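Structural overview for review
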Amino acid sequence: MVYDPKRIEAAAQSRWNAVDAYKAVENDPRFPKGKYYACSMLPYPSGRLHMGHVRNYTINDMLARYMRMQGYNVLMPMGWDAFGLPAENAAMKNGVPPAKWTYENIAVMKAQCKALGLAFDWSRELATCDPAYYKWNQWFFLKMLENGLAYRKTQIVNWDPVDQTVLANEQVIDGRGWRSGAIVEKREIPGYYLNITKYSEELLDYTLNKLPGWSERLRTIQENWIGKSEGVRFAFPHDIKDASGKPIQDGKMYVFTTRADTIMGVTFVAVAPEHPLAARAGELNPALAPKIEALKAGGTTEAELAVKEKEGVATGLFVTHPLSGEQIEVWVGNYVLITYGDGAVMGVPAHDERDWAFAWKYGIDIKQVTHFVTGARAGSEPQVDRINQPIFSAYAESHWHVSYGDKSGAYTTGWIELWRVTDSNNLGTRTRFDEMQQCAWLEGLNTSNAVDVVAKALAEKGLGEKKTTYRLRDWGISRQRYWGTPIPVIHCEDCGVVPVPYEDLPVVLPEDLIPDGSGSPLKTDEKFLQCSCPKCGKPARRETDTMDTFVDSAWYYMRYASPNAEIDGKPTMVDARNDYWMPMDQYIGGIEHAVLHLLYARFWTKAMRDMGMLKFDEPFERLMNHGMLLNHIFFTPGEHGAKNYFPPTEVETTHDEKGHINGGTLPDGTRVEYGGIGKMGKSERNGVDPQDLIDKYGADTARLYVMFVGGPEDPAVWSDTAVEGAMRFLRRVWTYCADRAGEISSAGAVDASKLTSELKTTRFELHSALKQSNYDYERRQYNTVVSATMKMLNTLEAVKPGVCPALSREGASVLLRALYPVAPHVTCELWSDLGFEKVHGSLLDAAWPQPDTAALVRDEIELVLQINGKTRGAITVSSSADKATIESAAAAAPEVQKFGEGRAPKKIIVVPGRLVNIVV
RNA sequence: GCCGGGGUGGCGGAAUUGGUAGACGCAGCGGAUUCAAAAUCCGCCGUUAGUGAUAUCGUGCGGGUUCGAGUCCCGCCCUCGGCACCA
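Scoring rules and cut-offs
Residues numbered from 1 in each chain as written. Chains lettered and ligands numbered in written order. Predicted model: local features only at pLDDT ≥ 70, side-chain atom pairs only at ≥ 80, totals over all residues. Heavy atoms only, no water. Helix = DSSP H or I, 4+ residues; strand = E, 2+ residues; numbered from the N terminus. Buried < 20%, exposed > 50% of the residue type's maximum accessible area, 1.4 Å probe, protein only. Contact = heavy atoms within 4.5 Å. Areas by Shrake-Rupley, 256 points an atom, 1.4 Å probe, with all protein chains shown as cover. Pairing = 2+ DSSP bridges. Axes fitted to C-alpha atoms, helices over the stretch in contact; angles between N-to-C directions. Parallel < 35°, antiparallel > 145°, perpendicular 65-115°, else oblique. Nonpolar A, V, L, I, M, F, W, Y, C, P; charged D, E, K, R; others polar. Phe/Tyr/Trp six-rings, centres within 6.5 Å; stacked < 30°, edge-to-face > 60°. Lys NZ or Arg CZ within 6 Å of the ring centre and 35° of its normal. Polar contact = N/O pair within 3.5 Å; in protein donor to acceptor, adjacent residues only side chain to side chain. Near = heavy atom within 4 Å. Salt bridge = Lys/Arg side-chain N within 4 Å of Asp/Glu carboxyl O. Core = buried A, V, L, I, M, F, W, Y, C linked by side-chain atoms within 4.5 Å. 1 Å grid on protein atoms, 1.4 Å probe; cavity = no way out; pocket = protein on both sides within 12 Å on 5 of 7 lines; lining within 4 Å. Points joined across faces, edges and corners; volume = space filled by probe spheres on them. Expected span 1.5 Å × (residues − 1).

1. Examining the overall build of chain A
In terms of regular secondary structure, chain A is built from 29 helices and 41 strands. Per-residue burial for chain A yields a buried fraction of 52% across its 920 residues. Sequence separation of 24 or more characterises 70% of the internal contacts of chain A that already satisfy a separation of 6 or more. About 41400 Å² of surface is accessible on chain A, with carbon and sulfur atoms providing 51% of the total.

Put into structure tokens, the structure is as follows:
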């Protein structure tokens, strides 16, 4: 019988279905080791699975099946991130309501998941567009309103003119909307915010110290995102008045700095073009207004890339230095951001790179107030008390280099905080002058002490204090979209904004609307809009904004853990089952969610905890980011630098003399260029449809291939021929078992004492491979797990049928179990065909095979023989040989004479079981 | 610029953490089978020299530690990812 994946896989899947094989139950007595919750990130139902999904879920599936055989009660659920923009776009294009499109996609993708044989517990499936789910988004939103964690405010927001919606900061990439790519505008709009910044410090603390199961890489990304910065916020007093005669900002221009120790070096202040002082300067001097306006242009868009040049204008307005009392001129600078801190900075050209560039350009004083002191090296310290432009030439004459940016050691013009080269032969080591001079009261202090002293001096004058700022902002969740969770509030002419009462939830989103591109159809849907005010009962209007879809994904994994939750007979968001499964033991998903989703989910968890709804601090114990799937890119040049892409399957590749791909030809002979390797995607047309793979080779081959191609976290390049190889291996497994079905199903246990030495070696190799497989399962290096199973088969095939049925039987039983998590269909089929099921029970719950330690012991072992650390041969000794025996055997080896040049051994190093090294 | 990964055959990658570098697979070459092809099976497959046994060099580059370095240390180069006019 030939290997027929279609038949085998359909049969296996229907058997699993019939017994509900993957349903997880809390405290299931079958599993003594307790729970294990392994979950993949919720997919968006875009139409069909792509290879990234296959990889993600196969990793998840291998882990789940392995852990179950280890005795854990495994939960592996699946659901759908079903709200969002693509459904609206598809609706517009096809004239079908988003709901219909979404549910149809879900049906297709669910069928594909089943075809892949993934061990999901479908009884916990959820779709975030289901009112039974999003009701709890609304419910918790109202709770947050009550607790002050959600609030409404008008703010300048990022407005995407194409998508007609507000974007979060993180959804703006290079000044453009993350989906539409349109240049983002600033708009004032009212909306709801969630107070994630309340948890900044806790989120950071856990990121840095309490998430050992997260990669360094991921924690760094989150740390940067939270962006903690400790410094001093203080004011420059002034009496600049607005048009009505009132002092602007109460006569205090605030700035934030991390280097308050350099405050005596301030020679100017710079404000953002949007700052009130800039606006006033424009009013007072109309000639300045257009120049200030021009500085805005460089703000958040192209200019960032194009114009690195610092630009500014002097305003002719002055503020007072809070400590020295000096008059300091206010400049407007294009490098000052209104969105960060107070939109103003103190300018210390001697000690800040940007300030230096700015001052250098406009001829502003540069006043140095700290310098490097090391004294650790011989040679005279440079005498510096004031930096002026000519200082560069002064430095040039000595061996003290002023080095900025240029690693060659040549000095270039640029900002100098006087990095001193400490060793002329070692240009990489730089030391920082770290003590104060010039200001007697700061003399001799290092940076951090000086900051404290300055902060104290400012505090005494009531002008400032130490302050910690974070880059993290509150999470704006209002979206001017239709296909999302309705925000449960009502607008009443008399009472204002009134929350929907809990008992009226959910506010159901009508599912039959079709957006036409002119904004949310909710705005014109009277059936949805009309309601009465919960407070006064008068006719009122519903809120038409819906929630950001990151709300949906912030807690879905807890709903998996407690579907249809209820407490005392009443429906709830989560229940005690959540505390059984959570926190999640292993979360698996793409690195693209490193900040957005993960940070929101962590925040949401902490908010629920603080409302007494759960008992843990963090949702995800361990996190794995599977690598991207890449493929070759081929194209022909089009007009205006555009490229016409061709799927790699249509291209016959050509190679250069080194064997590297350098292009290819299409079936019609057209020459195409090679565009290198890139992420599989629609735009480059280099994606591979998993359905084609399943149809052609079967799910087991598709799974085996994506696991074998590389480490789970590494990027992987697609290869057609490697897929053929995966299929070939499974066919050999099938053939091996089929050819020996008789001897395998009837044989008894191996009697090791009766094996020939050749068969002992075979058994040794089998159990060695098993040992490797188990080791690699534990560290989740699934590509070498596959290697190990291939070794097992290679070893077993070398013994002819009939030679040792007992060993064939043992081999098959080990191989099938080790291979099962990767290729569950074919192994389950063979497990049952060969009669193992009758003895050991279902493969799903069979005991994981352990190597026989006796089989791993050999009578004789080969030790590598090294002479002076170079491998020169090998010696064979008894495995029980002691050190002295090995040493004398090694010393007697002919290689010692040959390579030792007749000298007597000085030293012999024996590494047990590995090698012996003779030093002569 | 700062932070974090990573550089190993023609290719994907392995090396159980300092102990035979290149496991396993792909591609390639030679052979068997076949009327032929596919499929399958057997053998070879880092470099240089040699008919060969074998020797030589070899894990991005330059040093170092060690009996022994892909692995540890110092200094570079390249590459991927994150953050950033963040004050």
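Following the structure, the description resumes.
2. Thoughts on the sheet that holds strand β41 (residues 915-919)
Spatially, four strands are ordered β39-β38-β41-β40 in an open sheet, and the strand pairing comes out mixed. Each edge of the open sheet is held by one strand with a lone partner, namely β39 (870-878) and β40 (907-911). For this sheet the average axis-to-axis angle between neighbouring strands, irrespective of direction, equals 25°. Note that β40 and β41 share five bridges and pair antiparallel. Looking across to β41, one finds that Val-910 is bridged to Val-916. In this fold helix α28 (residues 883-892) packs onto β38 (860-867), β39, β40 and β41, with an angle of close to 130° to the strand it touches most, β39.

3. Digging into the packing of helix α7 (residues 216-226) against helix α18 (residues 596-610)
Where α7 meets α18, the axes come as close as 11 Å, and the angle between the chain directions of the two elements is 75°. Taken as axis vectors, α7 and α18 run roughly perpendicular relative to one another. When α7 is examined against α18, the residues Leu-218, Gln-222, Trp-225 and Ile-226 are found in contact with a partner set consisting of Leu-598, Leu-599 and Arg-602. By residue class, the composition of the contact of α7 with α18 is five nonpolar, one polar and one charged.

4. Quick notes on the side chain of Asp-81
Looking at where Asp-81 falls in the secondary structure, it is placed in the loop between β3 (79-80) and α3 (85-94). Overall, Asp-81 belongs to the buried group, its relative accessible area being 14%. Once you skip the residues sitting within four places of it in the chain, Asp-81 turns out to touch Leu-42, Pro-43, Tyr-44, Pro-45, Thr-128, Thr-549 and Asp-552.

5. Digging into the packing of aromatic side chains
This model, assessed by the stated rule, comprises 37 aromatic pairs. Consider the rings of Trp-475 and Phe-603, whose centres lie 6.3 Å apart with planes at 75°: the pair is edge-to-face. Pair noted here: Trp-475 is in strand β21 (residues 475-476) and Phe-603 is in helix α18, with a separation of 128 residues, a long-range link. Against the face of Tyr-193 rests Lys-153, its NZ or CZ located 4.7 Å from the ring centre.

6. A look at the side chain of Gln-480
Locating Gln-480 in the fold gives a position in the loop between β22 (478-479) and β23 (489-492). A distance of 3.0 Å separates polar atoms of two side chains, one belonging to Gln-480 and the other to Asp-545.

7. A word on the pairing of β38
Inspection of the sheet shows β38 paired to β39 by eight bridges, in the antiparallel sense. Looking at β39, one finds that Val-864 is bridged to Ala-874. In sequence, β38 turns back onto β39 through a hairpin of two residues, with Asn-868 there showing a positive phi of about 55°. The pairing of β38 with β41 spans four bridges and is classified as parallel. Looking across to β41, one finds that Gln-866 is bridged to Asn-917.

8. Quick notes on the sheet that holds β23
Taken in spatial order, the four strands line up as β24-β23-β26-β25 in an open sheet, and their pairing is antiparallel. With partners counted over all chains shown, the strands left at the sheet margins are β24 (496-499) and β25 (530-532), one partner each. Each strand of the sheet is rotated relative to its neighbour by a mean of 45°, with strand direction disregarded. Taken together, the three bridges between β25 and strand β26 (residues 539-542) define a ladder with antiparallel strand orientation. Note on β26: the bridge partner recorded for Cys-531 is Ala-540.

9. Side note on the protein's contact with RNA strand B
For RNA strand B, the set of nearby residues contains 57 residues, the closest of which are Tyr-340, Arg-354, Arg-471, Arg-779 and Asn-917. Restricting the count to atoms of RNA strand B within 4 Å of the protein gives a sugar and phosphate share of 67%. At a separation of 2.5 Å, a sugar or linking oxygen of RNA strand B approaches a polar backbone atom of Thr-258. Side-chain polar atom of Arg-728 to a phosphate oxygen of RNA strand B: 2.6 Å apart, as the coordinates give it. Of all the elements in the fold, those that place two or more residues in the surface near RNA strand B are α7, β11 (252-257), α21 (720-739), α24 (782-797), β38, β39, β40 and β41. Of the residues that constitute the surface near RNA strand B, the class distribution is 20 nonpolar, 21 polar and 16 charged.

10. With respect to the pattern of salt bridges
All told, the structure shown has 37 salt bridges when counted by the stated rule. A salt bridge links Arg-763 to Glu-810; the shortest N-O distance between them is 2.7 Å. Of this pair, Arg-763 sits in helix α23 (residues 757-778) while Glu-810 sits in helix α25 (residues 805-819), and the two are 47 residues apart along the sequence. Accessibility classification places Arg-763 together with Glu-810 in one group, the buried group.

11. What to know about the nonpolar core
Counting residues in hydrophobic clusters, the biggest one holds 177 residues, and the most contacted among them are Tyr-37, Trp-475, Tyr-557, Met-573 and Trp-604. The greatest single-element share of this core, amounting to 10 residues, is contributed by helix α2 (residues 51-69). By size, the runner-up hydrophobic cluster in this structure holds 34 residues, among which are Phe-236, Ile-240, Ala-455 and Ala-457.

12. A look at empty space enclosed by the protein
This model, assessed by the stated rule, comprises three cavities of 30 Å³ or more. Taken together, 20 residues make up the lining of the second largest cavity; nearest its centre are Ala-21, Tyr-22, Arg-68, Val-74 and Ala-119. The set of elements that each furnish at least two residues to the lining of the second largest cavity consists of α2 and β2 (73-75). Partitioning the lining of the second largest cavity into residue classes produces 13 nonpolar, one polar and six charged.

13. Here we look at the environment of Gly-496
Within the secondary structure, Gly-496 is located in strand β24. Considering only alpha carbons, one finds Gly-496 and Cys-533, 37 residues apart in sequence, at a separation of 9.4 Å. Apart from the residues within four sequence positions on either side, Gly-496 is in contact with Ile-490 and His-491.

14. Concerning α23
For α23, which comprises 22 residues, the first-to-last C-alpha distance of 31 Å matches the rise-based estimate of 32 Å (1.5 Å per residue) to within 8%. Elements in contact with the buried residues of α23: α2, α24 and α25. A positive phi of about 60° marks Arg-780, the residue just after α23.

15. Points about the packing of helix α1 (residues 5-18) against helix α26 (residues 824-833)
Axis separation between α1 and α26 bottoms out at 9 Å; the angle between their running directions is 80°. As the angle between them shows, α1 and α26 are arranged roughly perpendicular. Judged by residue contacts, Arg-7, Ile-8, Glu-9, Ala-11, Ala-12, Gln-13, Arg-15 and Trp-16 of α1 engage Pro-824, His-825, Val-826, Cys-828 and Glu-829 from α26. For the contact of α1 with α26, the class distribution of residues is seven nonpolar, two polar and four charged.

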